Structure formats: structure tokens, C-alpha cells
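Structural characterization, general
The primary structure of each chain is shown beneath.
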Amino acid sequence: MIDVKKARAETPGTENVLHFNNAGAALMPGEVVDALKDHIDLEAEIGGYEAAAQTIDADAHTYDAIAGLINCKTTEVAFVENATVGWSGAFYGLANTFKSGDRILTARSEYSSNYIAYLQIAERTGIEIDVIPDDETGALSPSALENMIDDRVKLISITHVPTNGGLINPAVAVGKIANALRVPYLLDACQSVGQMPIDVAEIGCDMLSATGRKYLRGPRGTGFLYASSQIMEKFDPPVLDNHAAKWTGRNTYEIRSDAKRFENWENYTAGKIALGVAVDYATSWGLDNIFARNLHLATLFRDRLSQIPGVTLRDLGTNPGAIVTFTVDRIEAPDITARMAKYKINITHSTLFSTRLDMEKRHLNAVVRASLHYYNTEQEIDRFIEKLTVEIA
Ligand SMILES: *Cc1c(COP(=O)(O)O)cnc(C)c1O
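So, a few notes on the structure that sits alongside this text. (Residues numbered from 1 in each chain as written. Predicted model: local features only at pLDDT ≥ 70, side-chain atom pairs only at ≥ 80, totals over all residues. Heavy atoms only, no water.)

Applying the stated criterion across every chain yields a total of 21 salt bridges. Between arginine 103 and glutamate 128 there is a salt bridge, with the nearest N and O atoms lying 3.7 Å from each other. Within this pair, whereas arginine 103 is found in strand 3 (residues 103-107), its partner glutamate 128 is found in strand 4 (residues 128-132), the two being separated by 25 residues in sequence. Accessibility expressed as a relative area gives 32% for glutamate 128, which makes it partly exposed. Between aspartate 382 and arginine 304 there is a salt bridge, and its shortest N-O distance comes to 2.6 Å. Taken as a pair, aspartate 382 in helix 15 (residues 378-392) and arginine 304 in helix 12 (residues 287-306) lie far apart in primary sequence, 78 residues in all. Among the residues examined, arginine 304 registers a relative accessible area of 25% and is labelled partly exposed. Members of the salt-bridge network, linked through shared partners, are Arg103, Glu128, Asp130, Asp150 and Arg152. (Salt bridge = Lys/Arg side-chain N within 4 Å of Asp/Glu carboxyl O. Helix = DSSP H or I, 4+ residues; strand = E, 2+ residues; numbered from the N terminus. Buried < 20%, exposed > 50% of the residue type's maximum accessible area, 1.4 Å probe, protein only.)

Here it is in C-alpha cells:
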């Protein structure tokens, strides 16, 4: 169970705003903010390198904390500046092994940045991009995936929870198929890490990317990549520097053996330390508890929204998570965001440009996105419903 009073007391922003934009950037807990500020103060007081030397343990702890969170080895974690950089390290590295005629499989709810990368590599190498069909609920269909696999498939790359809704794709079922057929599996877990328990061993993915600022409640400018020891033997990172590799002789270099091969030498030390604090903070509540409360709030919220005339819920899947999306008759989604902002209610909207395949299929240009987290309350849902009802009446 979550002690919501305590969670809010530990989250300074809850005094100022009604924050349903946790899929954008969640409110940071005070501890995370303090860790960030403390390290920047230390850098200002004694110097950046000297501050890093004094905080080696906290820096190392972040890798352990992330490994604990997702159930992998510490050496399988890279700290990066956002999920996209982590994802790109995995994808573009693997893409260097692709040949014309190879296939990559993705799903309808794929994130724009990922799909743009597929298009670029398709243009360069002549690979085929194939989209796994949905089941009747709008989730990726594992049986359809199974039927698509042949020996030209070189990667299965999907988004776990899309940026534009509550859908939770069946990541574990995909992992079973990928592993049985020995196809590399890259999972974009940007919206699921921190929202729900994530276990890479259970999922069976070879690579997973996540960001710090969303459901993990970490600072902006932080993210991580998980790459399994086995997959790291199969391809090189697309970019190497003197941290990812060692210049061992005039004409030789050696890539480091751990996942830090996906990092650069220079990094956001304060952010890394604070991300570790955010992971510890999430773990201290328990991801099962966090997810249970998220589902409770989202279910209540959807139920209330569904009773407002003119509102249409837009989430897919049988048991959607904490990202709640809807449209309103005759009022554009960005306009709803703006109207709610007047009341210090933070939401956003998600457009065709973030998830084109899915939005086109559903004939949607944009949806309103209200993403809840465990520190939100039933009273905030009441207030949201009250203001929305007034605004669209
Ligand atoms: C936000 C998001 C990303 C990108 O994360 P960054 O940290 O901004 O790079 C990728 N995939 C999904 C599904 C997202 O929602």
C-alpha cells in the first residue's frame, strides 16, 4: 500500500500544481532534487572532477540501483542522457550488421523517433520494416508475430507502453517468441519503467531503453540502456570514444566489456547520482505497490471521464495503465491542454507525429493525454473532472 500523504509531503510540486503529466516529466521527490543540487554545489565549491572523485560510490550505486530495478547485472547497464541515446546505441549498433533483404519487426504503436531510425536504415541498407498486426483490443498480437518470423528477421523492436495511451503491449509473450527463435529483441520501456514492475529476465529482451524524467521521477537529461552480456558480443556500439574503448596501440583499440561501451566519457554526474536516488525512492515504495495504485487511479479516472458527455476514451488493450487518453467533441486536444493549464492542471496532448501508424489507423490527429502516478489523488481526479466539465459544457 502507498502512504499517499507521505508521498505528497515528499513531493514539493504537489503544493503548486495538479500534475497529470507524469508521462511527460513527473514531479521529482525532494530527495532527488536535493541530490541534484548537492552535487552541483559540490562542483561549484571544489571543482567538477574533484566532486566526481568524492562521489564515486554514489555514481557506482546508480548502476546497482538500476540493475536491481530491472533485474540484470550491473555490468549490463549504461547511463545516458535520455532514452533515445540509449535506444540508438542499441539499434544503430545492431543495424551495422543488417544487409539488404533483412527484416525488422515492430508494432503499430511504435514511437516516432524509433520508426524514423528504421526508415533511415531501410534507406541506407534496403532492409524491410514489417509491422506486427494488432489483436482485437489494439495490442500487439503475439500469434501474428509468430507467423511473421522467418530467417530474414534480424530484430524485433517494439514499444512496451506507447507515448499515446494506456496500452501495455505483451512484452513477455514477445520475449518468448524472440528467444525461442533466437531473434534479438529491443524493448522501448520509456513509459513502463517506474510505472510498473519490469524484469528483463522475465521479459526476455536483449536490450531495453528507459528515461529518467518520466515514471521514474528522476531529473531531466537522464536515461539508461540495458544490454545483455550475450547481445554485447554480437555487435559494436555505433560510436566509440576513450571511455567506451581503450586506445591500446598506435593502430589498435579495445572496446570495454561492460555496457558502459554505450556511454561517452563526459556525463551528467549530478543527474546520474540523482537518478540513482530516484530509483531507490521508487524501489522503497515497491513497484508492485506503485503499479497497483496507478491502475486504481487510472480505472477511477476513466470511469469518471466516460460519464462526461462529449468525451471519448481512447486507450487500447484490455487492462490499460496510467496513461489516460481521450478526445472531446468539437474541441481540439491542444485547446484542452491550454484550458486546463488555467487551473494549474498539467496535462498534454499527443499527436500523429509521435505515433503515426496507430493514429492513422484510428483516424486521430491528436489525443488529450492525462498521465497519473501514485502520488496523485482521488480528490485531484474530482477537481479535474469538475474543471473539464465546466470547460467543455
Ligand atoms: C518519451 C519517449 C521516448 C523518448 O525518450 P527520451 O528520454 O525523450 O529520449 C521514447 N519512447 C517512448 C515510448 C516515449 O514515450
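From this point, things continue past the structure.
This part takes up the sheet that holds strand 11 (residues 311-313). An order of 11-12-15-14 is seen for the 4 strands of this open sheet, with the pairing classed as antiparallel. Looking at the sheet topology across the chains shown, the edges are occupied by strand 11 and strand 14 (348-351). Direction aside, the axes of adjacent strands within the sheet are offset by 40° on average. Alignment of strand 12 (residues 323-328) against strand 15 (residues 366-371), held across 4 bridges, turns out to be antiparallel. Along strand 15, the bridge assignment pairs threonine 325 with arginine 369. (Pairing = 2+ DSSP bridges. Axes fitted to C-alpha atoms, helices over the stretch in contact; angles between N-to-C directions.)

It is worth spelling out the site of the ligand at this point. Around the ligand sit 13 residues, and of these Thr84, Asp188, Gln191, Thr211 and Lys214 come closest. Measuring from an oxygen atom of the ligand, one finds a side-chain N or O atom of threonine 163 at 3.2 Å. Arginine 213 places a polar side-chain atom, nitrogen or oxygen, 3.0 Å from an oxygen atom of the ligand. For the ligand, the accessible surface in isolation is 390 Å², of which the surrounding protein chains cover 91%. (Near = heavy atom within 4 Å. Polar contact = N/O pair within 3.5 Å; in protein donor to acceptor, adjacent residues only side chain to side chain. Areas by Shrake-Rupley, 256 points an atom, 1.4 Å probe, with all protein chains shown as cover.)

Relative to the helices and strands, valine 193 is located in the loop between strand 6 (185-188) and helix 9 (200-203). In this structure the C-alpha to C-alpha distance between valine 193 and arginine 213, which are 20 residues apart in sequence, comes to 11 Å. With sequence-adjacent residues up to four places away left out, valine 193 is seen in contact with Leu69, Ile198, Leu208, Ala210, Tyr215, Leu216 and Phe224. (Contact = heavy atoms within 4.5 Å.)

Inside soluble globular proteins, nonpolar side chains tend to come together where they are buried. Ranked by size, the top nonpolar core spans 59 residues in total, and within it Ile70, Ile156, Ile158, Tyr185, Val193, Leu208 and Phe224 carry the most contacts. Here this core gathers at least three residues from each of two domains, domain 1 (4-25 + 287-392) and domain 2 (31-284). In this structure, tyrosine 185 is in contact with Leu155, Ile156, Ile158, Ala171, Val174, Gly175, Ala178, Ile203, Gly204, Cys205, Asp206 and Met207, ignoring residues within four places of it in sequence. (Core = buried A, V, L, I, M, F, W, Y, C linked by side-chain atoms within 4.5 Å. Domains from an automatic or database assignment.)

One open sheet holds the 7 strands; their spatial order is 2-8-7-6-5-3-4, and the pairing between them is mixed. A single partner strand is all that each edge strand has here, and the edge strands are strand 2 (77-80) and strand 4. Here the strands of the sheet are splayed against their neighbours by 20° on average, with no regard to which way each runs. Sheet strands touched by helix 8 (residues 171-180): strand 5 (153-159) and strand 6. Its angle to strand 6, the strand with the most contacts, is close to 165°.

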